Amino acid sequence: MLLPNQSVNSDGHLIVGGCDTVGLAREYDTPLYVLDEQIVRQNCRQYRQAFAQRLPEFEIAYASKALMTKAICKIMQQEEMGLDVASQGELYTALEAGFAPAKIKLHGNFKKPALLRMALEHDIGRIVADSIPELELISEVATEVGKRAHILIRITPGIKADTHERIRTGQEDTKFGLGLAGGAAMTAAKLALDLPDVALHGFNCHIGSQLLHTDGFVRAATVVMDFIAQVGMETGYVAEQFDIGGGLGIRYQEDDMPPTIDRLAEEVCAAFTAAADHHNVPLPELILEPGRSIVGEAGVTLYTIGVVKEIPGIRTYVSVDGGLSDNPRPLLYDAEYEVLIANRANQQPDCIVRVAGAHCETDTLFPESNLADPQPGDILAVQSTGAYTYAMASNYNRFTKPAMVLVSDGNAELIVTREGLEDLVRHDVIPQRLA
Ligand SMILES: Cc1ncc(COP(=O)(O)O)c(C=O)c1O
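Bear in mind that the values here come from a model prediction, so they are computed numbers and not experimental data. (Residues numbered from 1 in each chain as written. Predicted model: local features only at pLDDT ≥ 70, side-chain atom pairs only at ≥ 80, totals over all residues. Heavy atoms only, no water.)

## Re the state of the cysteines
At step 1: According to the stated counting rule, one finds 0 disulfides in the structure shown.
At step 2: As a non-bridged cysteine, cysteine 19 has cysteine 44 as the owner of its nearest cysteine sulfur, 20 Å distant.
At step 3: Cysteine 44 takes part in no disulfide bond, and the closest cysteine sulfur, belonging to cysteine 73, lies 12 Å away.
At step 4: Under the relative-accessibility criterion, cysteine 44 is labelled buried at 0%. (Disulfide = S-S within 2.5 Å. Buried < 20%, exposed > 50% of the residue type's maximum accessible area, 1.4 Å probe, protein only.)

## Here we look at the sheet that holds strand E1 (residues 6-8)
At step 1: The antiparallel open sheet is built from 3 strands, whose spatial order is E1-E2-E3. Of all strands in the sheet, those with a lone pairing partner are E1 and strand E3 (19-20), marking the two edges.
At step 2: Where strand E2 (residues 14-16) meets E3, 2 bridges bridge the pair, whose relative direction is antiparallel. Bridging from a neighbouring strand, valine 16 pairs with cysteine 19 of E3. (Pairing = 2+ DSSP bridges. Helix = DSSP H or I, 4+ residues; strand = E, 2+ residues; numbered from the N terminus.)

## Quick word on the domain arrangement of the chain
One frequent convention defines the size of an interface as the accessible area lost when the parts assemble.
At step 1: What the domain assignment lists for the chain is domain 1 (6-36 + 296-425) and domain 2 (107-290).
At step 2: One C-alpha centre belongs to domain 1, the other to domain 2, and the line joining them spans 36 Å.
At step 3: Contacts between domain 1 and domain 2 engage 10 residues on the former and 9 residues on the latter.
At step 4: Carbon and sulfur atoms supply 46% of the area buried between domain 1 and domain 2, which totals about 960 Å² over both sides.
At step 5: Ranking the residues of domain 1 by area buried against domain 2 places Glu297, Tyr333 and Glu338 at the top, with a combined share of 46%.
At step 6: Here domain 1 and domain 2 share 0 salt bridges between them.
At step 7: Counting across the interface, domain 1 meets domain 2 through 4 residue pairs in polar contact (both at pLDDT 80 or more).
At step 8: Within the side of domain 1 that touches domain 2, the residues separate by chemical class into 4 nonpolar, 2 polar and 4 charged. (Domains from an automatic or database assignment. Contact = heavy atoms within 4.5 Å. Buried area = accessible area lost by both parts, 1.4 Å probe. Salt bridge = Lys/Arg side-chain N within 4 Å of Asp/Glu carboxyl O. Polar contact = N/O pair within 3.5 Å; in protein donor to acceptor, adjacent residues only side chain to side chain. Nonpolar A, V, L, I, M, F, W, Y, C, P; charged D, E, K, R; others polar.)

## Here we look at the pattern of salt bridges
At step 1: Inspection of every chain in the model, using the stated rule, returns 16 salt bridges.
At step 2: Between arginine 45 and glutamate 79 there is a salt bridge; the shortest N-O distance is 2.7 Å. Pair noted here: arginine 45 is in helix H2 (residues 37-52) and glutamate 79 is in the loop between helix H3 (70-78) and strand E6 (82-85), with a separation of 34 residues, a long-range link.
At step 3: The class for glutamate 79 is buried, based on a relative accessible area of 6%.
At step 4: For aspartate 423, the salt bridge goes to arginine 426, with nearest N and O atoms at 2.4 Å.
At step 5: One continuous salt-bridge network, built from bridges that share partners, spans Glu37, Arg41, Arg45 and Glu79.

In structure tokens form, the structure reads like this:
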């Protein structure tokens, strides 16, 4: 499977963003994350255009948990995107990159006072309150630092999205948000309107990730608009903003058929405006927080194949020089990917093998991959790895985290340097008595 902006050159090498992946592997070593800038920008523009055509007011806020680096922040700022952060580290990265604080939204189900203080001191745009105790804490910290907290309240709409259970977040039984059914969301809305130093701007929900159908989004738009109307009836409050979260799925495998961004916009906007009309409430500004669908298909990971081990009558194992530490998704969610031999991308795949990482686990990356006669020294390219790979990388087994290059029009530039061995011991301390 080739993704947009990819091709195969006359040497049979996979080309991404105009760059020869075999050359990239040689120059920057492997494992290597490769990110196609044009695809990232194209996705941002498609989101903005699709909603601009249909709504008077909207914002697309990139969910940085999918992939966060300072260069990504710069691209998002140039593309006039907002930014969703969900930790102190993501917020710090955004601020270090010079991202406009007013366009940052802070999420998370447990924000410590230090994080709230940092957000308030930097005047970030919105804090998304996730619980009643947190609402009270936001108010306290705002008073303490002498600021007004501009907030959204996260609603749990009671929608069970059709996706892996670990990335499903809109059902009643979740740690996230305030439930509609038991009345917690209404209690929170009323409390927010009363709390000192808190300005309520509206509501948020996020039902899950890697959604391959639009029905969950459509239901969320309707359910939250019903709630907004109900809050209006009970309190007279008019919501200015409705943030419907992220979640649009991408193509990991040839037969994945995610809705296009335009179709998502068409269906969400139709449900959203119909609900506003039905309840006769003013249309809030609609905010979306896509992460995966902005960067996912823009990423390719390159590995070097090391050992090819054939167990007669059982299977062939192909080991690569990375794995669990640079992409935990296969082990976390049984995530599946399309893979190919980057240096022989023109050769018909005809060997079913199991691709494994190099870690001290059975870190099966791709249990049944069809590859073109994999040999030690070949470069394995894994498609659609832009989201939730580097972002979830670890130093398990004291592997160093790979570098990342941004490719565009045949040029490659480092946006994350490869960790060195010295980075691995940087925080180790030997107490005097052990020295
Ligand atoms: C609150 C919130 N918004 C946005 C996103 C982004 O989701 P996705 O990357 O699927 O678009 C997530 C992901 O978990 C999230 O929790």
